[in-house]
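Descriptive analysis of the structure
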Amino acid sequence: MALAAARRLLLHAGSRLGRREAVDGARRFANKRVLVETEGPAVMKLRNPPVNSLSLECLTEFTISLEKLENDKSIRGVILTSECPGIFSAGLDLLEMYGRNPAHYAEYWKNVQELWLRLYTSNMILVSAINGASPAGGCLLALCCDYRVMADNPKYTIGLNESLLGIVAPFWFKDMYVNTIGHREAERALQLGTLFSPAEALKVGVVDEVVPEDQVHSKARSVMTKWLAIPDHSRQLTKNMMRKATADNLIKQREADIQNFTSFISKDSIQKSLHMYLEKLKQKKG
Ligand SMILES: CCCCC/C=C/C(=O)SCCNC(=O)CCNC(=O)[C@H](O)C(C)(C)COP(=O)(O)OP(=O)(O)OC[C@H]1O[C@@H](n2cnc3c(N)ncnc32)[C@H](O)[C@@H]1OP(=O)(O)O
């Protein structure tokens, strides 16, 4: 209930802000963690420092921004990128999955599902400009897009690394990975929790193109121009034909998936694994 009220408030505040900024001449709207520019090809920038982790607030604002773009019939495509230097997204927020109660885990997971379904089944053209590290949920965001351009910086890695955290990528993460890179590569990468360098990601098909870092946005824009030249109705029907079965697979078992997640993440052994992983992240800093 509280979240629904927050969501209504954000939508309202978001549309007021949108109007105000339009008067200033820049066609954009924003909430705290997501900035959307609608001048030229729409660009959605995640800005939840330090690492663009997908906290509940960030997920909510992301979903609301997408909803607003979907409702604007003049917007046919969106470039998804990050405002945090060197990070596309660190994925799901570990602090939403650690040390909380089952009701919180269920609420969080419902919102993860909702964002995924909205992104994956979007009628808009989605191109990701991956300008930084993109593990797990970050990779998931990119995989939802129709085309992925990654910056050629060996420090940036991408992949579903859940098994390294002692957790398991849900079946719908796995389905999308299989759809993208094939069963054998997905099986190996999921078991090993592989984080691919840009060159490896290109080779295996996790991304479609790798370009010098200063060209990632211009390349994403030129890809968008090419995709925008295709008639919407035929492209959208084709996208739906390709993605419907994967989305339906979750839609028909959303509640069960929430229950599974909640009971899995609540286990002492899983909480211990997450604790160790968080400690490792802290120690890395020295
Ligand atoms: C059934 C269960 C299924 C659940 C499916 C799960 C999907 C997921 O997405 S789980 C999350 C997986 N994400 C990761 O493994 C990424 C972990 N983070 C990193 O590897 C790095 O932080 C980095 C490469 C993204 C960035 O490195 P760097 O620039 O060196 O920044 P720091 O490591 O110093 O991090 C800064 C700050 O942020 C905290 N943090 C990092 N990632 C997360 C996260 N995913 N959630 C929450 N918080 C995160 C990190 O702990 C640092 O915090 P402070 O020490 O308090 O500054």
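Every chain is numbered on its own, with residues counted from 1 as its sequence reads. Totals for whole chains, interfaces and linings use all residues, but because this is a predicted model, local features are given only for residues with pLDDT of at least 70 and pairs of side-chain atoms are given and counted only at 80 or more. Values shown for side chains rest on all heavy atoms present in the structure; no hydrogens or waters enter the calculation.

Considerations on the packing of helix α5 (residues 171-181) against helix α6 (residues 183-192)
Selection rule: The axes used here are C-alpha line fits, helices contributing only the stretch in contact, and every angle between their N-to-C directions lies in the interval 0 to 180 degrees. Helix and strand definitions follow DSSP, with helices as H or I runs of at least four residues and strands as E runs of at least two, each counted in order from the N terminus. Small angles under 35 degrees read as roughly parallel and large ones over 145 as roughly antiparallel, with 65 to 115 read as roughly perpendicular and the rest as oblique. Handedness of a helix crossing follows the sense of rotation of the near helix relative to the far helix, less than a right angle counterclockwise being left-handed and clockwise being right-handed. When checking whether two residues touch, look at their non-hydrogen atoms; a contact exists if any pair is within 4.5 Å.
Relative orientation of the contacting elements α5 and α6 amounts to 130°, with a least axis distance of 7 Å. Judged on the interaxial angle alone, α6 and α5 are oblique. Crossing hand, α5 versus α6: right-handed. Facing Lys174, Tyr177, Val178 and Ile181 of α5, the residues of α6 in contact are His183, Glu185, Ala186, Ala189 and Leu190.

Re the nonpolar core
Definition in use: Nine residue types can take part in a nonpolar core, namely buried Ala, Val, Leu, Ile, Met, Phe, Trp, Tyr and Cys, and a core is a set of them joined through side-chain atoms within 4.5 Å. Any residue under 20% of the maximum accessible area for its type is buried, any over 50% is exposed, and the rest in between are partly exposed; the area is computed with a 1.4 Å probe on protein chains only.
Core analysis: the biggest nonpolar cluster contains 81 residues, and Phe62, Ile158, Tyr177 and Val206 have the highest contact counts within it. It is helix α3 (residues 102-120) that provides the largest number of residues to this core, a total of nine residues. Setting aside its immediate chain neighbours within four residues, Phe62 contacts Val34, Met44, Leu46, Leu80, Leu115, Leu119 and Leu141.

Observations concerning the side chain of Glu162
Test applied: Think of it this way: Lys and Arg go in the positive column, Asp and Glu in the negative one, and His and the chain ends go nowhere. A pair is scored as a salt bridge if a Lys or Arg side-chain nitrogen falls within 4 Å of a carboxyl oxygen belonging to Asp or Glu.
If you trace the backbone, Glu162 turns up in the loop between β9 (158-159) and α5. Despite its burial, Glu162 pairs with no opposite charge; the closest candidate is Lys174, at 13 Å N-O. Apart from the residues within four sequence positions on either side, Glu162 is in contact with Ala136, Gly137, Ile167, Val168, Ala169 and Phe173.

Re the site of the ligand
What counts, and what does not: Being near a molecule or strand, for a residue, comes down to having at least one heavy atom within 4 Å of it. Here a polar contact is taken to be a pair of N or O atoms separated by no more than 3.5 Å, where protein atoms must pair a possible hydrogen donor with a possible acceptor and residues adjacent in sequence count only if both atoms sit in side chains. Per-residue and other accessible areas were derived by the Shrake-Rupley procedure at a 1.4 Å probe size, with only the shown protein chains allowed to occlude residues. Polarity classes work like this: nonpolar for Ala, Val, Leu, Ile, Met, Phe, Trp, Tyr, Cys and Pro, charged for Asp, Glu, Lys and Arg, and polar for all others, with Gly in that last group.
Around the ligand, 25 residues are found, and the nearest of them are Ala90, Leu92, Tyr277, Lys284 and Lys285. In this structure, Gly137 approaches the ligand through a main-chain N or O atom, which is 2.8 Å from an oxygen atom. Taking Tyr277, its side chain carries an N or O atom lying 2.6 Å from an oxygen atom of the ligand. About the coverage of the ligand: the protein hides 77% of its 1100 Å² of free accessible area. Of all the elements in the fold, those that place two or more residues in the shell around the ligand are α10 (254-266) and α11 (268-284). Considering each element in turn, the shell around the ligand owes the most residues, three residues, to α11. For the shell around the ligand, the residue count by class is 17 nonpolar, four polar and four charged.

As for the state of the cysteines
Applied cut-off: Cysteine sulfurs are considered disulfide-paired once they come within 2.5 Å of each other.
Applying the stated criterion to the full structure yields zero disulfides. You can see Cys58 has no disulfide; the closest cysteine sulfur is in Cys84, sitting 9.0 Å from it. Residue Cys84 is classed as buried on the basis of its relative accessible area of 5%.

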